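# Chain and residue survey
Residue-level listing of the chains:
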Amino acid sequence: DTGVSQNPRHKITKRGQNVTFRCDPISEHNRLYWYRQTLGQGPEFLTYFQNEAQLEKSRLLSDRFSAERPKGSFSTLEIQRTEQGDSAMYLCASSKMGETQYFGPGTRLLVL
Amino acid sequence: AQTVTQSQPEMSVQEAETVTLSCTYDTSENNYYLFWYKQPPSRQMILVIRQEAYKQQNATENRFSVNFQKAAKSFSLKISDSQLGDTAMYFCAFMKHFGNNDMRFGAGTRLTVKP
């Protein structure tokens, strides 16, 4: 068990560009969550998947954000037309249903 | 909606001493879980301890223990024999037992262990 991994670890982009992040969960976990964490705050829920189905999206997830988990394994989070306000740490977590969530190291995004 | 409040933005403790971090939460749920996560500087978030609301016994993990007061909606973390490696942000989190299980986090407490 290698834990939850995320790539890239850091991303610097210019405003208006698109970015995509990847999360690889713990292999036997059927649930995958995306959170956003801004400096000095706790993580905020964005969306989650059970297997390949995206079951809930937070109101924080504007229409510029899209997430997929095509085969119920890894997931991608794409942000289109990035804005400076999107600068944050994007965290992925995975779990079995109803159990403890384990976090990846995060992708730190800086939008210039 | 569930909310989690950590009223201590920063705390410090001398090495080998004991420190208690506070957390309160608001919910109408009866079945839920509470967690403390630790996030060291520039490192990933790791689970410290977990408490099921239906259990009256307070959870303990080595030097870490909780004081869970369900009626008061309070969930404090006690760290005994503090070590330099305990320096981190500590987040209290709430998760419903049923449903989507998304977690609600407090704003965190920055703990510094001083030599």
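Preceding block: the structure.
Overview of the structure. (Residues numbered from 1 in each chain as written. Chains lettered and ligands numbered in written order. Predicted model: local features only at pLDDT ≥ 70, side-chain atom pairs only at ≥ 80, totals over all residues. Heavy atoms only, no water.)

This brings us to the interface of chain A and chain B. Across the contact, 20 residues belong to chain A and 18 residues belong to chain B. For the pair chain A and chain B, the summed buried area comes to about 1,600 Å², and 50% of that belongs to carbon and sulfur atoms. Among the residues chain A hides against chain B, the three largest losses belong to Gly98(A), Thr100(A) and Phe103(A). Together they make up 30% of the total. Counting across the chain A and chain B interface gives 0 salt bridges. On the surface where chain A and chain B come into contact, there are 5 residue pairs in polar contact (both at pLDDT 80 or more). (Contact = heavy atoms within 4.5 Å. Buried area = accessible area lost by both parts, 1.4 Å probe. Salt bridge = Lys/Arg side-chain N within 4 Å of Asp/Glu carboxyl O. Polar contact = N/O pair within 3.5 Å; in protein donor to acceptor, adjacent residues only side chain to side chain.)

The next subject is the packing of aromatic side chains. Under the criterion given, the structure shown has 19 aromatic pairs over all chains. Aromatic pair Phe65(A) and Tyr90(A): ring centres 6.5 Å apart, planes at 40 degrees, arrangement tilted. Taken together, the residues span a long stretch of sequence, with Phe65(A) in strand β7 (residues 65-68) and Tyr90(A) in strand β9 (residues 88-95) at a distance of 25 residues. We classify Phe65(A) as buried; its relative accessible area is 8%. Measuring from centroid to centroid gives 5.9 Å for Phe35(B) and Tyr37(B), while their planes differ by 35 degrees, and the two rings are tilted. Assigned by exposure class, Phe35(B) and Tyr37(B) land together as buried. (Phe/Tyr/Trp six-rings, centres within 6.5 Å; stacked < 30°, edge-to-face > 60°. Helix = DSSP H or I, 4+ residues; strand = E, 2+ residues; numbered from the N terminus. Buried < 20%, exposed > 50% of the residue type's maximum accessible area, 1.4 Å probe, protein only.)

A word on unusual backbone geometry. Of the consecutive residues Asn7(A) and Pro8(A), the connecting peptide bond is found in the cis state with omega at -10 degrees. Locating Pro8(A) in the fold gives a position in the loop between β1 (5-7) and β2 (10-13). One non-glycine residue, Arg81(A), lies in positive phi territory at about 50 degrees. Mapped onto the elements, Arg81(A) comes out in the loop between β8 (75-79) and β9. Phi is positive for Asp81(B), close to 50 degrees, though the residue is something other than glycine. Tracing the backbone shows Asp81(B) in the loop between β9 (74-79) and β10 (88-96).

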